[in-house]
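Chain by chain, the residues:
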Amino acid sequence: MKQVIVTPNAPAAIGPYSQGITAGQTVYVSGQLPIDPATGLIPEGIAAQTAQSLKNIQAILAQQEMTLANVVKTTVFLADINDFAEMNKVYGEYFAQPYPARSAVQVGKLPKDAPLEIECIAVK
């Protein structure tokens, strides 16, 4: 059985999807754009944008009494792969060993012309 995860502490879904879904002991967090849920704005710079996307993920996980320590897999979508090093530096400040598995890819375009989007899978 699946359960929808909803929080006002992360941006609302901008389409027919959920912020997150729980299925058994697994939580699937939809891709999080770097939108500040309080202002609706995307901060300047890839470092701040990476941090905002990860804060949004933290807020969704918190609804299930989980943290980034529960994350087993992430996918980072970058509009420009040249932002990888700076994104990676900030990403490393949010996760501790053992780090989750991760994919990072450059994509043609993201919703709202965002420079990155991060999704994850976590396990209770």
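Below is a summary of the structure that appears in this document. (Residues numbered from 1 in each chain as written. Predicted model: local features only at pLDDT ≥ 70, side-chain atom pairs only at ≥ 80, totals over all residues. Heavy atoms only, no water.)

The end-to-end C-alpha separation of helix α1 (residues 46-62) is 24 Å, in line with the 24 Å expected for 17 residues at 1.5 Å each. Here α1 lies mainly inside the structure; 12 of its 17 residues are buried. Among the residues making up α1, those that are buried are I46, Q49, T50, A51, Q52, S53, L54, N56, I57, A59, I60 and L61. On its buried face, α1 sits against β1 (2-5), β2 (20-23), β3 (26-32), β4 (71-78), α2 (84-94) and β6 (116-123). (Helix = DSSP H or I, 4+ residues; strand = E, 2+ residues; numbered from the N terminus. Expected span 1.5 Å × (residues − 1). Buried < 20%, exposed > 50% of the residue type's maximum accessible area, 1.4 Å probe, protein only. Contact = heavy atoms within 4.5 Å.)

Relative to β6, β4 runs antiparallel, the two sharing seven bridges. For V76, the partnering residue across the bridge sits in β6 and is I118. As paired elements, β4 and strand β5 (residues 101-106) share six bridges and run parallel to each other. Among the inter-strand pairings, T74 is bridged to a residue of β5, identified as R102. One crossover worth recording links β4 to the parallel β5 by way of α2, and it is right-handed. (Pairing = 2+ DSSP bridges. Right-handed = clockwise from strand over helix to strand, strands pointing away.)

Note that every value here comes from positions in space, so none of it alone points to a role or purpose.
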